[in-house]
Amino acid sequence: RVHRPRYANWGVIASCGNTDAIGKTVSLFCEPGDSILVDRWTFPGALSSLASAKVLPAPVPMDDEGMIPEALDSICQTWSGSTPPRAIYLVPTGQNPTGTTMTLARRKAIYSVAQKRNLAIIEDDPYYFLQLPSAPLPSHSLRGAEHSDQVQDLVPSLLSLDTDGRVIRLDSFSKILAPNLRCGWITAPTYILDKIQILNESTILQPSGLSQGLISKLLNDAWGFDGWDAHLRELRAVYTLRRNLFIQAVDRHLAGLVEYTVPTAGMFLWMKINLGSAAADPTAMPRLLGSMKKCGVMMAPDMPFSSSAMEPAAADRYLRAAFALVDIDMFEPALKRLAQAITSVRDARSSATHLNAN
């Protein structure tokens, strides 16, 4: 109903969540020592899967729409390794960690490069159904947001653009139903699914039968398509409210301390930290994380998401905030404490510079 692949002989197979599906899919295209093209900042679970398979991530630069197609094409054209990459791994919607969402034009451009360079695309898309309005809207109450009709139409997936059978799409119930079900699904050409089934039989056998039974009972017998659509609409409305309230609080308490792009899907706000003159200090980021811990606020630092072996430039340090995890009443105090932590690191550097000058 949603993706309508444009080629014949495609199918769907249940997975034990997207992280498991990533490892199995990568193993179809990569041998130890090979490389796979990935976003500059990407999902740590994918990086762990690559490391376990001894596959190297080849980082591709990003902008506020995700992977840059011109950079992808340039990397392929100038590749100097022994074996050129055979696949791209990306999260096109509500990207983890940056929150970026590819426009339709960007998706078409990425697919065009994949055709030109004969690359498979691993479309890891657990946040696809959590697409949000493109700008924060006034939000006052959860009840008022539940029936909002302000959600944009869903951006077509890479799978929906696929005419060649080169997209392997990974979906999950983790972000749209319940994480601990550990159940999702893979959509791909049937000859690829046949190989994944063999891998499943030698590893997980199949996802939990209990989880599959619960999901089937809920979707087929209780909800149906109309109930599922209503659930997703309500979920998007709740996430829209959370995003709006979180960004409003960020603007109140972190003005001048962070930079960000409003996410139009998912649950993450990727904030570039302005540490002022302290940014040149290599200890600034560790000190910030220590100060955050003392202040009682936790956000994910940038390094676990880095697909590059090189340390980020001092002025390009980030924090990932997940606005889906805590009560909305916690937004204000958490961001106040974060402001204190950032300011303490900036002020400490300013004081040290002043003392050295004297």
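Scroll up to find the structure.
All of these numbers come straight from a predicted model, not from anything done at the bench.

(A) Highlighting the pattern of salt bridges. Counted under the stated rule, the structure contains 16 salt bridges. Linking aspartate 316 and lysine 272 is a salt bridge whose minimum nitrogen-to-oxygen distance equals 3.2 Å. Here lysine 272 lies in strand S11 (residues 268-273) and aspartate 316 lies in the loop between strand S12 (300-301) and strand S13 (318-322), a separation of 44 residues in the sequence. Looking at aspartate 316, the relative accessible area reads 30%, which means it is partly exposed. Taking the shortest distance from any N to any O, the salt bridge between aspartate 302 and arginine 317 comes out at 2.9 Å. Taken together, the residues span a long stretch of sequence, with aspartate 302 in the loop between S12 and S13 and arginine 317 in the loop between S12 and S13 at a distance of 15 residues.

(B) A look at helix H4 (residues 104-117). In this model, H4 (14 residues) spans 20 Å end to end at C-alpha, consistent with the 20 Å of a helix rising 1.5 Å per residue. Within H4, burial applies to Arg106, Arg107, Ile110, Tyr111, Val113 and Ala114. One side of H4 carries all its buried residues, which in axial view fall inside an arc of 155 degrees. Facing away from the buried side of H4, by more than 90 degrees, are the exposed residues Ala105 and Lys116. Phi turns positive, to about 55 degrees, at asparagine 118, one or two residues after H4.

Basis of the calculations
- Residues numbered from 1 in each chain as written.
- Predicted model: local features only at pLDDT ≥ 70, side-chain atom pairs only at ≥ 80, totals over all residues.
- Heavy atoms only, no water.
- Salt bridge = Lys/Arg side-chain N within 4 Å of Asp/Glu carboxyl O.
- Helix = DSSP H or I, 4+ residues; strand = E, 2+ residues; numbered from the N terminus.
- Buried < 20%, exposed > 50% of the residue type's maximum accessible area, 1.4 Å probe, protein only.
- Expected span 1.5 Å × (residues − 1).
- Arc of directions from axis to C-beta.

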